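The primary structure of each chain is shown beneath.
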Amino acid sequence: MAYTSMNIMANGISQAAPLLSATPGNFMEKIMGGIVPISQTSLSPYMMTFLVLELLLLPVIYYLLMPKKEKAVEISDELYKEFTAEPEKIDASKKLTPAERWERSRVLNTLIALLILIWFGDHVITEGVSKINLNTINFALFGLGLLFHDSPHSYIESVKEGATTVYGVIIQFPLYAGIFGLITFSGLADEITELFISIATPGTYPWIVFIYTGIMDFFVPSAGSKFVIEAPYLVPAAQHLGVPVSQVINAYGTGAQMANLIQPFWAIAYLAAFRLCFQEILPFTFMLWLFVFIAGEILWLSRAGQKRGKKCISFAFRRLDEQ
């Protein structure tokens, strides 16, 4: 449940691709013809409908998947003690330097956090939610992180402890930049663009993006990094077909988060914390993947059908007018 709840995040306001597309000066701004506000992507009626559907149905699926009491596997006493143990207290008798006292004081944390959060609140009120982007989300989360810790020392130690289970992410992200460079500057992006144009129609293109990016997620399991790799050919193909860029971003978002349920990359932290293997949670996450896949298929195929329906109606009226 903890791991699969990331589907809400992945389809919500904190998606990497919509936030990046809404950020002024992003790498695709010139190609897209400007920024794409999140009111057209994460906060669009289609995406909000999909998000509400997940919010309502995921708890029901969790309940149905929950093992019976006699088959349940409970956390061990040793692991429970490890998670519930109080943090080591500082020896009060130890003489601290002025710098160490400031490191362990709440004053700086609270002051900086409040300044950040006041700025974020003012930005949202004056500019509107459509101006929220990658930078503002990261800034706000930084402020909340400081506010929830009682000292700079505590915050730094928590980040250090948390990052040890995802060190692979830090190593792989520079490699994603290399993949982006190879695809963009080798001419491969142009070839893939032509391929999409040849097999897609304006109605089916978002559905193709949804399926394609779900497959690509096995090779580059970071939605933000993968968008940097895929956007240089997904967006031009959409523009050639006359498909709004916002639809491509939405289809990309729903497809990108889908594969996370059946590949272990983002589960590394959970698996390390609970001493589990991915095979032990895969039967449960697979059922959630199946639900998200079917919901996504319905979403994007219905959109394609809606476009075809409008085209048929337009054609019929045109023929009547000619007659």
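Each value, and the rule that gives it
Residues numbered from 1 in each chain as written. Predicted model: local features only at pLDDT ≥ 70, side-chain atom pairs only at ≥ 80, totals over all residues. Heavy atoms only, no water. Patch = residues over 30% accessible without salt bridge, like charges linked within 9 Å, V, L, I, M, F, W, Y side chains within 5 Å. Areas by Shrake-Rupley, 256 points an atom, 1.4 Å probe, with all protein chains shown as cover. Salt bridge = Lys/Arg side-chain N within 4 Å of Asp/Glu carboxyl O. Helix = DSSP H or I, 4+ residues; strand = E, 2+ residues; numbered from the N terminus. pLDDT = per-residue confidence, 0-100. Contact = heavy atoms within 4.5 Å. Buried < 20%, exposed > 50% of the residue type's maximum accessible area, 1.4 Å probe, protein only. Core = buried A, V, L, I, M, F, W, Y, C linked by side-chain atoms within 4.5 Å. Polar contact = N/O pair within 3.5 Å; in protein donor to acceptor, adjacent residues only side chain to side chain. Axes fitted to C-alpha atoms, helices over the stretch in contact; angles between N-to-C directions. Parallel < 35°, antiparallel > 145°, perpendicular 65-115°, else oblique. Left-handed = near helix turned anticlockwise from the far one by under 90°.

## As for a nonpolar patch on the surface
Now for step 1: Taken together, the side chains of Trp102, Val107, Leu108, Leu111, Ile112, Leu115, Trp119, Phe139 and Phe142 define a hydrophobic patch exposed on the protein surface, amounting to about 850 Å² of accessible area.
Now for step 2: Only α7 (106-127) and α8 (134-147) provide two or more residues apiece to the nonpolar patch.
Now for step 3: With six residues, α7 is the single largest residue contributor to the nonpolar patch.
Now for step 4: By the secondary structure assignment, Trp102 is in helix α6 (residues 98-103).

## A few points about the confidence of the model for the chain
Now for step 1: When pLDDT is averaged along the chain, the result is 79; 85% of the residues meet or exceed 70.
Now for step 2: For the chain, the element scoring lowest by mean pLDDT is helix α10 (residues 167-185), at 65; α7 scores highest, at 90.
Now for step 3: Segment residues 312-317: pLDDT under 50, and zero contacts once partners within four positions in sequence are set aside and those in other chains are kept.

## Examining the environment of Trp300
Now for step 1: Residue placement: Trp300 occurs in helix α16 (residues 278-322).
Now for step 2: With relative accessibility at 1%, the residue Trp300 sits in the buried group.

## Things to note about the pattern of salt bridges
As a working rule, side chains carrying opposite charge can pair if their charged atoms are close by.
Now for step 1: A complete count under the given rule lists three salt bridges for this structure.
Now for step 2: Note that Arg104 and Glu103 form a salt bridge whose closest N and O atoms lie 3.5 Å from each other.
Now for step 3: Judged by its relative accessible area of 26%, Arg104 falls in the partly exposed class.
Now for step 4: Each of Asp217, Lys226 and Glu230 takes part in salt bridges that share partners, so that together they form one network.

## Examining the nonpolar core
As a rule of thumb, soluble globular proteins bury nonpolar side chains together.
Now for step 1: In this structure, Phe196, Tyr205, Tyr233 and Leu234 are the most contacted members of the largest nonpolar core, which totals 49 residues.
Now for step 2: Put simply, the parts of the chain that give this core at least two residues each are α2 (16-21), α4 (45-65), α10, α11 (188-199), α12 (205-216), α13 (223-241), α14 (245-258) and α16.
Now for step 3: Of all the elements, α13 adds the most residues to this core, at nine residues.
Now for step 4: Not counting residues up to four positions away in its chain, the partners in contact with Tyr233 are Ile183, Ala189, Ile192, Thr193, Phe196, Tyr205, Tyr212 and Met216.
Now for step 5: Within the second largest apolar cluster, six residues are counted, among which are Met6, Ala267, Leu271 and Ile281.

## Observations regarding the side chain of Thr254
Now for step 1: With respect to the element layout, Thr254 can be found in helix α14.
Now for step 2: Separated by 3.0 Å, the side chain of Thr254 and the backbone oxygen of Ala251 make a polar contact.

## Focus on the packing of α13 against α14
Now for step 1: Orientation of α13 relative to α14, taken along the N-to-C sense of each, is 140°, at an axis distance of 10 Å. By the angle between their directions, the pair α13 and α14 is classed as oblique. Here α13 and α14 pass one another in a crossing that is right-handed. Between α13 and α14, the residues in contact are Ala223, Lys226, Phe227, Glu230, Leu234, Val235, Ala238 and Gln239 and Val245, Val248, Ile249, Tyr252 and Ala256, respectively.

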